[in-house]
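Observations on chain architecture
The chain contents come next:
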Amino acid sequence: MKIIKKNKLFFLLFVITSVFGFAQERHISGTVTDEYNMPIGGTTIIVKGSSIGTTTDIDGKYELIVPSEYNNIQFSYVGFEAVSINLGHNNTIDVVLKESVAQLDAIVIKGFRGSEQRAIAVKRKAASVVEAITPEDIGNYSDENMADALQRVPGLQVERDDSGNGGGDRVSIRGVGPQFVNITVNGRTPLSAGSEGIDQLRQFNLDVLPTEVVQGAMVYKSSEAQLVGPGLGGAVDFQTVRPLSLRFEEGKNYFGIVNVRGDINDYGDNKAMLPRLSGLLGFKTSNNKLGFVVSAITSSSNRAFDSYVMGYVPRNINEDTDGDGIGDVVHEGVLSPGLTRYNPVRNSLDRYGVSSALQWKITENLEITGDLLYTEFDNRSERNQFRLFPQNETNNTTFPSADLDIDDNNVLRYFNSINSSDPISQTAILPTQYDNFQSSLMTGLNLEWQKGDWLIAGDYSYSNISFDQRLTFTQVWTYVPSMSFDLKSDLAVFNVDQATILDFNNPEIRDWVFLRDIMLEGNNKAGRIDITKEFNQNLKLNFGGRYSTTYLDSRQAQLAGGGQPWSDGYLDNNTYYNNFITGPLDPSFAQGRTIGVNQWLMVNQDALRAANPEVFGKTAGSSFEGDLFDVTNGDLPLLTPNSWDLEENTLAFYGQLDFKSIFAGIPVSGNVGVRAVKWDIFSRAFSTITLTDPSEVIGDINYDGVPTTVSSDRWNVLPSLNLNFALQSNFNLRLSAVNTVSGPDYLDLRPTNTLSYINPESEDAGTQNGTATLSNPELKPYSSWQFDTTGEWYNNEGGAVVLSGFYKLIDDFIVDETTFDVDISELPDIDWGIELPGLGNQLFNVTSPVNYTGVQLYGFEIGFRQPLGFIGDTFRDFGVQANYTFVDSKFDKEINEVDNSFPGSSKHNFNSVIYYDGDFFGIRVAYNSRSSFLRNIGGGSDVRSNVTYTDGFDRLDIRANFEVMKNLQLSISGQNLTASDRRDYTNNNPSLFTQLTRQGAIYTIGARYQL
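The shown structure was predicted, so the numbers you read here are calculated from the model rather than taken from an experiment.

**Thoughts on the overall build of the chain**
Of the regular secondary structure elements, the chain holds 9 helices and 49 strands. For the chain, whose C-alpha radius of gyration is 33 Å, the value lies close to the compact-globule estimate of 30 Å for 1011 residues. For the chain, the spread of C-alpha atoms along the three principal axes comes to 135 × 65 × 55 Å. Within the chain, the proportion of its 1011 residues that are buried is 55%.

Listed below in structure tokens is the structure:
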């Protein structure tokens, strides 16, 4: 009986305890909406201090069991401010989430999945059509430079630097090339060295921007009035780290990481692993009022590729049809191979960078931020170039019919001079060295004051660029018995007697050297003020202004010729061979491709230069000092036709109204605005003027290096409209119409002019027009009206599907045009620097850049990002991203006889990423491809200025991470695993090969430690 009573007692206690326990659990439910009362599906709800949580359904509803010991739950969704709620006695909790105004890096999900979610959140809440890129974690991009990160963004294409001459990787947006994409850093203008510090200076070289100093980027495909001058293509704004935006671990007021990496380039003869070391350290005060962060990088690497370039020239070719050695038929104007260059390019790259920021919330209303970004990028590029001169062969030789093939389009497809009369089979070795040294600085101070409904921000920035290039080469001639050429496959194949060019008893050492120095110095100073007045939560006015001044000084100095003070024995074959020859090229040129010639003798260029300091020690010196128009020449005299300076001042004002409203029951937000920009240009350069005398009585008179100045000014008014209709809680429809501009290339504005006309004192005066090549200070900027329609669907599983259609109506496209019977004395704003006799009585045929025609560019994008957890637990940590962009274009007027499409635009572009992001291991596979595209529209004798196309290509990158312990991550990656060739052709005919670039993959291993 006692046992029964005890059991009853235990049972009673169990029931009481259970009832009491269940009574302490609370059933919480409710709905999560945004400020428009639209449900937010997929909101994360966590019981603070526990691992208990749930997510809202598509209608924003949720249910949650909360144990008795917890009294606080947190609601969060990417792109919105998180909300914490004390439960109190309420069991129904409805929450309204507000859009977040935090920086990209304030969203703290880490890894590949976190990077994708931040990108989706930014795109969803942006006022215009944008994309975003962020690292997997703070300071943890997996890419070598920012070009590698941008290539995964929908609608973007990267143009790779295949020269090694001081250019860089650049980005295009929706088929519009780098010249028309505005690059900023923290909303400020950085300067670029363009191509060799000479041209394309509006195109930013992404190589100089190491990933370790960048915390995010916004890609603007449409514009807003408040943005700093997006170009025709759009804009990319890179953001460096802000200390008070970092999420520090609880209880810590510091943050630190160290990255150590090493990489190997698997192409060429130097595959040593070289180091890359970077780190970031941040501090803040416990009251979150003051913070400081600094990041730095130092790295060395080797990059190798082989570049094979062939030009074309018209030739009259003699054919011997009956075998008597005498030409019987002359084929006129045959498109034939010209100068052909084989470049084994071996680059040694050294990179340094530091970024720092100080952020101080002085009062509740006033905040100040100062930041600095400094980078150095040095590229020592060595190549033992080999040259063929087939244009000499075809110009002087009579070919038997059996050794000659000219197709129906008058293109030379095959020749062999082994049985020909008078062959001139000449080759040359050119030991060539490019040394490129570049440094840039960007610093600024930002003040932000907010009180009530007013926000006033002021910003001052300074940036500079310093670029120096040293180019040197010498020549060794070699003659071979004969030469053959075959253009019947995808590559041009030249064959000569390989043994002859490897035999050093054959060459002729030339007393000749080429020395050229290039200098670019520039700076930009800018100040802006932005004022915001918020009338209510649905209406906000932004207005302000910006003044910017850019100064560029570009100079070249050059010495070429013989009579040099060579070391003893330099011109002797045996001495040269014993001191400077290292043997044949190994591995052979263009490994894996059949191109014919693939080996020649290699020269130790360091030894060559060390042995001849009196030759290679000559520099520009004073040619690069002082005012441009008051130069004292150094050892290398100033090359006046290629030297100039320019000052560009812009003044901009804008007004923009941001609004939220309900239209026909549909929430709509957006902005409408206008930006007015005034451009002032002043430039100086040198003209070359020749007074001819056909009768040769008084002789020609030449004026070289005539100082010349030009100036111009112009206003542009640029309206913009962006609308976002929230048709459903998870579906946005965006409409935009914006007007943008891009400035002309600086080379088209500089007054580097040439004039040639008959001397008015000559007896032949007035008998014919003179010729002139002139700049055009009256050029209008390129301008464009851009229209965009975008639909965005966001699902409850954290994914998004986006479809965009776009149309760009580009006006004032600039090309060179020749105009006849021009009186140049009436041209405005050109100061010739000297009095030119008879100029007002002379007519000229003038070639100059003009605003020639318009372009219609149109296309669509379709893409999606999707975590795959909805499939099942097996796929919980997987995700995928893919996008396709189609672009087509057409000029209103024909710009050449070959093609009428926009340069740099591939019709078909595809990017995809698949990733796994587990607790301890993650891997990302990225693939992108683009179809063939027009690289240059033509207009010059150099192969780079011909109508040139690039074949389509693809690229595969893989990155894997492994968490060894809480704060230590190991990584391994492979970039460009497809090792795709670049192949160029001309005249829109893929069979007319012009260039092959062979390169390999890059493999990287690394470790990352977080303090």
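After that view, the rundown keeps rolling.
**Observations regarding the sheet that holds strand β7 (residues 95-96)**
In spatial order, the strands read β4-β1-β7; together these 3 strands make up an open sheet with mixed pairing. What marks the edges here is a single partner per strand, and that holds for β4 (61-66) and β7. Two elements, strand β1 (residues 26-33) and β7, share 2 bridges in a ladder whose sense is parallel. The residue bridging Val32 from the neighbouring strand is Val95, located in β7.

**A few points about the pattern of salt bridges**
Applying the stated rule across the entire model yields 32 salt bridges. Its salt-bridge partner being Arg174, residue Asp788 comes within 2.5 Å of it at the nearest N-O pair. Here Asp788 is found in strand β36 (residues 782-794), whereas its partner Arg174 is found in the loop between β10 (170-173) and β11 (181-185), with 614 residues between them in sequence. Given the relative accessible area of 6%, Asp788 is considered buried. Taking relative accessible area as the criterion, Arg174 reaches 1% and is therefore assigned buried. The salt bridge partner of Asp877 is Arg876, with a shortest N-O separation of 3.4 Å. When its relative accessible area of 8% is taken as the criterion, Asp877 is described as buried.

**Regarding the environment of Thr134**
Within the element layout of this structure, Thr134 appears in the loop between β8 (130-133) and α3 (146-150). Between the C-alpha atom of Thr134 and that of Ser720, which follows or precedes it by 586 residues, the distance is 27 Å.

**Let's talk about unusual backbone geometry**
Leave glycine aside and you will find that most residues have negative phi; peptide bonds, for their part, are mostly trans. Note the cis peptide between Asp586 and Pro587, where omega equals 0 degrees. By the secondary structure assignment, Pro587 is in the loop between β28 (581-584) and β29 (601-603). Phi at Ala664 takes a positive value of approximately 55 degrees, unusual for a residue other than glycine. As for its position among the elements, Ala664 is in the loop between β30 (644-663) and β31 (666-692).

**Description of helix α6 (residues 573-580)**
One full turn of an α-helix is made of 3.6 residues, so residues set three or four places apart face in the same direction. For α6, the complete set of buried residues consists of Asn573, Tyr576 and Phe580. The buried side chains of α6 occupy one side of the element, clustering within an arc of 75 degrees when seen end-on. Exposed positions of α6 whose direction lies more than 90 degrees from the buried face are Asn574 and Asn578. Contacts made by the buried residues of α6 are with β22 (426-451), β23 (454-479), β26 (508-536), β28, β29 and α7 (605-611). Sitting at the head of α6, Asp572 places a side-chain oxygen 3.2 Å from the backbone nitrogen of Asn574.

**Some remarks on the nonpolar core**
Ranked by internal contacts, the top residues of the largest apolar core, which has 53 residues, are Tyr308, Tyr342, Phe494, Tyr576 and Trp600. For Tyr308, the contacting residues outside a window of four places in its chain are Thr340, Arg341, Tyr342, Ala492, Val493, Phe494, Phe589, Ile595, Phe993, Thr994, Gln995 and Leu996.

**Here's the deal with the side chain of Ser355**
Turning to its location among the elements, Ser355 is positioned in strand β17 (residues 329-361). Note on Ser355: relative accessible area 6%, which makes it buried. Beyond its immediate chain neighbours, meaning those up to four positions away, Ser355 contacts Val213, Thr240, Val293, Val294, Ser295, Leu372 and Leu373.

**Regarding the pairing of strand β14 (residues 254-265)**
Pairing geometry for β14 and strand β15 (residues 274-284), over 10 bridges, is antiparallel. The residue of β15 that forms the bridge with Val260 is Leu277. Looking at chain direction, β14 and strand β49 (residues 1002-1010) are connected through 9 bridges and run antiparallel. If you follow Gly262 over to β49, its bridge partner there is Ile1005.

**As for the packing of aromatic side chains**
Enumeration according to the criterion identifies 37 aromatic pairs in this entry. Relative to Phe886, the ring of Phe860 has its centre 5.8 Å away and its plane inclined at 25 degrees; by these criteria the two rings are stacked. Here the residue Phe860 occupies a position in strand β39 (residues 844-867), and Phe886 occupies one in strand β40 (residues 878-891), the gap between them amounting to 26 residues. With relative accessibility at 35%, the residue Phe860 sits in the partly exposed group. Phe886 gets classed as partly exposed once you look at its relative accessible area, which sits at 21%. Feature note: the residues Tyr308, Tyr342, Phe386, Phe589, Trp600 and Phe993 constitute an aromatic cluster, connected by ring pairs. A cation over an aromatic ring shows up here: Lys893 above the ring of Tyr852, its NZ or CZ 4.2 Å from the ring centre. Across the ring face of Phe933, the terminal group of Arg930 is positioned such that the distance to the ring centre comes to 3.9 Å.

**A look at the pairing of strand β34 (residues 754-758)**
Pairing analysis gives 5 bridges linking β31 to β34, with the strands arranged parallel. Paired with Ile689 across the bridge in β34 is Leu755. Two strands pair when backbone bridges link them, and β34 and strand β35 (residues 770-773) are joined in this way by 3 bridges, in the antiparallel orientation. By the bridge assignment for β35, Thr754 is matched with Thr773.

**So, the confidence of the model for the chain**
Across the chain, the average pLDDT comes to 86, with 92% of residues at 70 or higher. Taken together, the stretch residues 1-23 has pLDDT below 50 and engages in 0 contacts with residues farther than four places along the chain or on a different chain. Contacts from residues 940-944, a stretch scored under 50 in pLDDT, to residues over four places away or in other chains number 10 contacts.

**Section: the environment of Phe787**
Mapped onto the elements, Phe787 comes out in strand β36. Look at Phe787 and you get partly exposed, because its relative accessible area is 37%. It is 5.7 Å that separates the C-alpha atoms of Phe787 and Phe806, two residues lying 19 residues apart in sequence.

**Examining the sheet that holds strand β21 (residues 412-416)**
Note: strands within a sheet are paired through backbone hydrogen bonds, in either parallel or antiparallel orientation. Spatially, β20-β21-β24-β25 is the arrangement adopted by the 4 strands of the open sheet, whose pairing is antiparallel. Looking at strand neighbours, the two that pair on one side only are β20 (404-406) and β25 (493-495), the edges of this open sheet. If you compare each strand with its neighbour and ignore which way they point, the axes differ by 15 degrees on average. In the sheet, β21 pairs with strand β24 (residues 484-486) via 3 bridges, with the strands oriented antiparallel. When the bridges of β24 are listed, Tyr414 appears paired with Asp486.

**Considering the environment of Gln656**
Residue placement: Gln656 occurs in strand β30. Placed 268 residues apart in sequence, Gln656 and Leu388 show a C-alpha to C-alpha distance of 60 Å. Polar side-chain contacts of Gln656 include one of 3.4 Å to the side chain of Glu224. For Gln656, the side chain forms a polar contact with the side chain of Asp658, separated by 2.9 Å.

Thresholds, definitions, all that
Residues numbered from 1 in each chain as written. Predicted model: local features only at pLDDT ≥ 70, side-chain atom pairs only at ≥ 80, totals over all residues. Heavy atoms only, no water. Helix = DSSP H or I, 4+ residues; strand = E, 2+ residues; numbered from the N terminus. Rg over C-alpha atoms; globule rule 2.2 N^0.38 Å. Buried < 20%, exposed > 50% of the residue type's maximum accessible area, 1.4 Å probe, protein only. Pairing = 2+ DSSP bridges. Salt bridge = Lys/Arg side-chain N within 4 Å of Asp/Glu carboxyl O. Arc of directions from axis to C-beta. Contact = heavy atoms within 4.5 Å. Polar contact = N/O pair within 3.5 Å; in protein donor to acceptor, adjacent residues only side chain to side chain. Core = buried A, V, L, I, M, F, W, Y, C linked by side-chain atoms within 4.5 Å. Phe/Tyr/Trp six-rings, centres within 6.5 Å; stacked < 30°, edge-to-face > 60°. Lys NZ or Arg CZ within 6 Å of the ring centre and 35° of its normal. pLDDT = per-residue confidence, 0-100. Axes fitted to C-alpha atoms, helices over the stretch in contact; angles between N-to-C directions.

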